[in-house]
Every structure is written in structure tokens, then in C-alpha cells.
Amino acid sequence: MNNKNWESLLGLAQRAGKVVSGEELVVKEIQRKSARLVLVANDASDNTRKKITDKATTYKVPVCFVTGRYELGHAIGKVQRVTIAVTDAGFAKKLHAMLDQ
């Protein structure tokens, strides 16, 4: 996995307005069935990890784990983020392919 490629694509999705960050907002997007992919930092707390993965599994949304909260936040131009939902199917498909390698 080339970090720069997925981070660049996630940044592009952010600039296009197709990204939602923050635990509660991500859960709402999953429940609305508008989340196409959920990214969770590996250093997320066990409670957050369980809450997000359980909700995503229930609503059949794929989840990918990335290196850490600082890398995830940096990719979208923020300080740190633990969870991010991608709401565009095209961005989600490409990111999922890049992160699954």
C-alpha cells in the first residue's frame, strides 16, 4: 500500500465534500445508508472500534483500518481523526481497492 496515493485520494474526496469525519457523524452517515466506506485508525479505542465496526457490519458498509489518527487527519487537512466515512461510491471503491492491497 502506497500511503501517499490513498492519502491524496482521500484529500481529494475531502475537497469534493464527500467525506464526513468524527465518530457520531460517521455513525449517522452509516444509519442514513449514505456511507460507502468507513476508515478507522488502528489506534482508535476499543469502544470506538467496536461501535463503528458493529454499525458498519449491520448496514453492510465496508471498513478499512489505516495506520493512525494523525495520518488519517493529515490526509483530510485536519490535526487528527479516528473515523472517516466516504459518501461517494467512486472514491470509496478506489480507496477500498488501494487499502486492501
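As shown above, the structure is provided for reference.
Here is what the cut-offs are and how they apply
- Residues numbered from 1 in each chain as written.
- Predicted model: local features only at pLDDT ≥ 70, side-chain atom pairs only at ≥ 80, totals over all residues.
- Heavy atoms only, no water.
- Helix = DSSP H or I, 4+ residues; strand = E, 2+ residues; numbered from the N terminus.
- Rg over C-alpha atoms; globule rule 2.2 N^0.38 Å.
- Buried < 20%, exposed > 50% of the residue type's maximum accessible area, 1.4 Å probe, protein only.
- Contact = heavy atoms within 4.5 Å.
- Pairing = 2+ DSSP bridges.
- Axes fitted to C-alpha atoms, helices over the stretch in contact; angles between N-to-C directions.

Colleague: Can you lay out the overall build of the chain for me, pointing to particular residues and giving the numbers?
Modeller: Secondary structure assignment for the chain yields 5 helices and 4 strands. For 101 residues, the compact-globule estimate of 2.2 N^0.38 gives 13 Å, and the chain sits close to it at 12 Å. Judged by the C-alpha coordinates and their principal axes, the chain covers about 30 × 25 × 25 Å. By the burial criterion, 41% of the 101 residues in the chain qualify as buried. In the chain, of all internal contacts separated by at least 6 residues, the share reaching a separation of at least 24 is 77%.

Colleague: Hey, could you go over the sheet that holds strand β2 (residues 37-41) for me, with residue numbers and the actual values?
Modeller: In any sheet, the strands associate via hydrogen bonds between backbone groups, in a parallel or an antiparallel arrangement. Taken in spatial order, the 4 strands make up an open sheet running β1-β4-β2-β3, and their pairing is mixed. Across the chains shown, the open sheet's two edge strands, defined by having one partner strand only, are β1 (19-21) and β3 (63-66). On average, each strand axis in the sheet is inclined to that of its neighbour by 25°, with strand direction left out of account. Relative to strand β4 (residues 83-86), β1 runs antiparallel, the two sharing 3 bridges. Residue Val-20 lies in a different strand from β4, and its bridge partner there is Ala-85. Across the sheet, helix α3 (residues 46-58) lies against β2, β3 and β4, angled at about 155° from β3, the strand it touches most. The strands touched by helix α5 (residues 89-99) within the sheet are β2, β3 and β4, with β2 carrying the most contacts at an inclination of about 45°.

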